[in-house]
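One-letter residues, chain by chain:
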Amino acid sequence: MDPWTGPTVGELGELVVLDRVTSRLPTGSPLVGPGDDCAVVAAPDGRFVVTTDLMVHGPDFRWAWSSPEDVGWKAAATNLSDVAAMGAVPSGLVVALAAPQDTPVAVLEGIADGFRLAVAALVPGCGVVGGDLSTSSAFTVAVTAFGDLEGRSPVLRSGARVGDVLAVSGELGAAARGLGRLFRDGVDAHGEPSTAAVRASGLDTDPDVARQRRPVPPIADGPAAGVAGATAMLDLSDGLAIDAGRLARASGVTLELDAGAGAGVVLDEIALHGGEDHGLLATFPADVELPGGFRRVGVVVPRGDADLVRAGEPVPTTGWDPYADWDGVAG
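What counts, and at which threshold
- Residues numbered from 1 in each chain as written.
- Predicted model: local features only at pLDDT ≥ 70, side-chain atom pairs only at ≥ 80, totals over all residues.
- Heavy atoms only, no water.
- Helix = DSSP H or I, 4+ residues; strand = E, 2+ residues; numbered from the N terminus.
- Rg over C-alpha atoms; globule rule 2.2 N^0.38 Å.
- Buried < 20%, exposed > 50% of the residue type's maximum accessible area, 1.4 Å probe, protein only.
- Contact = heavy atoms within 4.5 Å.
- Areas by Shrake-Rupley, 256 points an atom, 1.4 Å probe, with all protein chains shown as cover.
- Lys, Arg positive; Asp, Glu negative; His and termini not counted.
- Charge placed at Lys NZ, Arg CZ, Asp CG, Glu CD.
- Axes fitted to C-alpha atoms, helices over the stretch in contact; angles between N-to-C directions.
- Parallel < 35°, antiparallel > 145°, perpendicular 65-115°, else oblique.
- Left-handed = near helix turned anticlockwise from the far one by under 90°.
- Pairing = 2+ DSSP bridges.
- Salt bridge = Lys/Arg side-chain N within 4 Å of Asp/Glu carboxyl O.
- Core = buried A, V, L, I, M, F, W, Y, C linked by side-chain atoms within 4.5 Å.
- Polar contact = N/O pair within 3.5 Å; in protein donor to acceptor, adjacent residues only side chain to side chain.

(A) Fine view of the overall build of the protein. Regarding its fold elements, the protein presents 11 helices and 11 strands. Computed over C-alpha atoms, the radius of gyration of the protein comes to 20 Å, within 12% of the 20 Å expected from 2.2 N^0.38 for 331 residues, which places it in the range of a compact globule. For the protein, the spread of C-alpha atoms along the principal axes amounts to about 60 × 55 × 30 Å. Residue burial in the protein is summarised as follows: out of 331 residues, 51% are buried. Put simply, 87% of the contacts in the protein that link residues at least 6 apart link residues at least 24 apart. Carbon and sulfur atoms provide 54% of the accessible area of the protein, an area that totals close to 14,200 Å². Seen as two clouds, the 22 positive and the 44 negative side-chain charges of the protein have centres 4 Å apart.

(B) Layout of the packing of helix 2 (residues 14-22) against helix 4 (residues 105-122). Running from N to C, helix 2 and helix 4 point in directions that differ by 30 degrees, and their axes come no closer than 8 Å. Between helix 2 and helix 4, the angle is such that the two are roughly parallel. Where helix 2 crosses over helix 4, the two elements pack in a sense that is right-handed. Contact residues: helix 2 offers V17, R20 and V21, while helix 4 offers V105, L108, E109 and A112.

(C) Spotlight on the sheet that holds strand 8 (residues 279-284). A sheet is described by the order of its strands in space; here 7 strands give the open sequence 6-8-5-9-7-10-11, paired in mixed fashion. Of all the strands in the sheet, the pair left with one neighbour each is strand 6 (232-236) and strand 11 (313-314). Relative to strand 9 (residues 295-301), strand 5 (residues 165-169) runs antiparallel, the two being bridged by 4 bridges. Considered in strand 9, the bridge of V168 is made with R295.

(D) Broad picture of the pattern of salt bridges. Using the criterion set out here, one finds 20 salt bridges in the structure. Between D243 and R246 there is a salt bridge, with the nearest N and O atoms lying 2.5 Å from each other. Remark: R246 and D243 occur in helix 9 (residues 240-251); sequence separation between them is 3 residues, near one turn of the helix. R246 sits in the partly exposed class, given a relative accessible area of 26%.

(E) A look at the nonpolar core. One finds L80, L93, L108, F115, F139 and V141 to be the most contacted residues of the largest nonpolar core, which totals 40 residues. For this core, the elements supplying multiple residues, two or more each, are helix 2, strand 1 (49-56), helix 3 (68-84), strand 2 (89-99), helix 4, strand 3 (128-135) and strand 4 (140-148). Considering each element in turn, this core owes the most residues, 9 residues, to helix 4. With near-sequence residues (within four places) excluded, L93 lies in contact with A76, L80, F115, V119, C126, G127, V128, V129, G130, V143, T144 and A145. Counting 24 residues, the second-largest nonpolar core is a separate cluster that includes A248, V253, L255 and V315.

(F) Just the side chain of D307, in detail. When you line up the elements, D307 lands in the loop between strand 9 and strand 10 (308-310). Here D307 falls in the buried class, since its relative accessible area comes to 12%. For D307, the side chain forms a polar contact with the side chain of R249, separated by 2.6 Å. If we ignore the near neighbours within four places in the chain, the residues touching D307 are G245, A248, R249, V253, T254, L255 and T317.

(G) The arrangement of the sheet that holds strand 4 in detail. Taking strand neighbours across the sheet as the criterion, the 4 strands line up as 1-4-2-3 in an open arrangement whose pairing is mixed. The outermost strands of the open sheet, each flanked by one partner alone, are strand 1 and strand 3. Shown here is a sheet whose adjacent strand axes are inclined to one another by a mean of 15 degrees, direction ignored. With 7 bridges joining them, strand 2 and strand 3 adopt parallel strand pairing. Counted as the bridge partner of V94 is G130 from strand 3. Lying over the sheet, helix 3 contacts strand 1, strand 2 and strand 4, oriented at roughly 150 degrees with respect to strand 1.

So this is what it looks like as structure tokens:
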């Protein structure tokens, strides 16, 4: 069924639309779920982590390249990854949607389906515990995510120590390669994103395009890193180099990449500077066995003139920046 047909949100009104959307969302196990002014979510050790993220049509996604299910999946995954990057287990999501009045309700239902599919695949048992609906000229998805530290200290960006091992979990570069192919082959004669061009180019079956549309962050590796004693960690949302620079500055150290590729890790230009993979970058004491899917890519050294170096040379800490890079197309 084409989600861009059928009754619109303006025709049905908020109450009907809300019912049709919430009936498709995973609810998890909150103490009090959707239906009241607030949800009530357990925080067993008295603390919780909280994060929020926006996805706006234009700078963050294009309907010509993504289905409603893709958008829902990606909105869930990006927030779940931030929770995992603190060493916490995702425990709930709050979702707000602002859509133009002429948006078919089936589009919102598809986004809800994307949330359900992502939660089931990435962190079963988590759920959407509340949210809001509004109208806007630009389609906007706003998500707030909560997580349970399970009695552990949060893993901050500021804890890396000299001698620690630098490691990554998850894919590097796939999402950026997919986006590059969309810009190259998924556009019409005028350079505008085109669903027809995507289909004609076979991009619907491209695995890197799939990772751009539906990232698969290693959620379980975040809490596992916390248990293993990770000293610092963050989500790789904007590219390894730029995010490594953030960790280095927060910790007052320099990160030195291994001269060659690590086990199963290729640190080429797109892996270093491409974004939206939503893997994890962490530091561990040298005597710790790396947990889960983490692979070594470097070491922490005393603070020098650069945030990130390889073979003695500075690595530019550049990547995705929505203010510097956005020129009216999805990034």
